[in-house]
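# Coordinate inspection notes
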Amino acid sequence: MAQQDTCCTHKHPEGYVPLHHKEVDPAHDHFMISGDPLSLDQACALVRSDEAGAISTFEGMTRGTFNGKQVLRLEYEAYDEMARKVWYEIVAEARNKYHLLGTVMHHRIGEVAVGQTSVIIAVASAHRADAINAVHFLIDSLKARLPIWKKELLNDGTGNWKKNEDANI
């Protein structure tokens, strides 16, 4: 007889111990803010495991235009300690909603040129739906709640600090 696992929507055989992790653990939930270029391959390697049936990712890059104006670059600033604390709160929420094996959030600070990566989210799960939905939840939550600020520098000499986005999550 199947029983409902309390932390996910998948039915498991009686006595089954799920392989995913309910608690946030830095061994499985990786956080990094860096001035160095980011690597999607490195992020995926951090969550890859034999238990994972899916790895879903989001890679945010600096685009060349915004509202019809040419973007020269973005500049990011972060309150690292607070961002780490808030990120792990967000991961805890995601772990309560989805069946997750591991998570990664890597974010650039400093100057990020057009075409370069500014943020990477990677999630491993036994099932694709959990991985895909968790990535959506995590990036929207990051943009709404993390103390990371972005300034767009435009070719007309102006620069605009962008406020955190409201997320409907």
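Predicted model only: the values in this text are computed from it and were never measured.

What follows covers the confidence of the model for the protein chain. Across the protein chain, the average pLDDT comes to 88, with 85% of residues at 70 or higher. In this model, residues 1–10 is a region of pLDDT below 50 whose contacts with residues beyond four sequence positions or in other chains number 25 contacts.

Okay, helix 1 (residues 40–47) next. The set of residues buried in helix 1 consists of A43, C44 and V47. Taken end-on, helix 1 shows its buried residues confined to a sector of 95°, consistent with a single buried face. Across helix 1 from its buried face, at more than 90 degrees, point the exposed residues D41, Q42 and A45. Taken together, the buried residues of helix 1 touch strand 4 (54–61), strand 7 (102–108) and strand 9 (117–125). Between the side-chain oxygen at the start of helix 1 and the backbone nitrogen of D41 there is a gap of 3.4 Å, and the oxygen is on S39.

Okay, the sheet that holds strand 4 next. Strand order in the open sheet formed by four strands is 3-7-9-4, with mixed pairing between adjacent strands. Across the chains shown, the open sheet's two edge strands, defined by having one partner strand only, are strand 3 (29–34) and strand 4. Here the strands of the sheet are splayed against their neighbours by 5° on average, with no regard to which way each runs. Where strand 4 lies against strand 9, eight bridges are found, and the strand directions are antiparallel.

Take the environment of K162 next. Take K162: it is sitting in strand 11 (residues 159–162). Considered as a pair, K162 and K151 are 11 residues apart in the sequence and their alpha carbons are 6.0 Å apart. Residues contacting K162, with those up to four places away along its chain left out, are F66, K150 and E152.

Residues W87, M105, I121, V123, L138, L142 and L146 are the most contacted members of the largest nonpolar core, which totals 30 residues. Elements with a contribution of two residues or more to this core: strand 3, strand 6 (69–78), helix 2 (80–97), strand 9, helix 3 (128–145) and strand 10 (148–154). Those residues in contact with L142 that sit more than four places away from it in its chain are W87, I90, M105, H107, V119 and I121. Grouped together as the second largest cluster of nonpolar side chains are eight residues, L38, A43, I120 and A124 included.

Calculation criteria
Residues numbered from 1 in each chain as written. Predicted model: local features only at pLDDT ≥ 70, side-chain atom pairs only at ≥ 80, totals over all residues. Heavy atoms only, no water. pLDDT = per-residue confidence, 0-100. Contact = heavy atoms within 4.5 Å. Buried < 20%, exposed > 50% of the residue type's maximum accessible area, 1.4 Å probe, protein only. Helix = DSSP H or I, 4+ residues; strand = E, 2+ residues; numbered from the N terminus. Arc of directions from axis to C-beta. Polar contact = N/O pair within 3.5 Å; in protein donor to acceptor, adjacent residues only side chain to side chain. Pairing = 2+ DSSP bridges. Axes fitted to C-alpha atoms, helices over the stretch in contact; angles between N-to-C directions. Core = buried A, V, L, I, M, F, W, Y, C linked by side-chain atoms within 4.5 Å.

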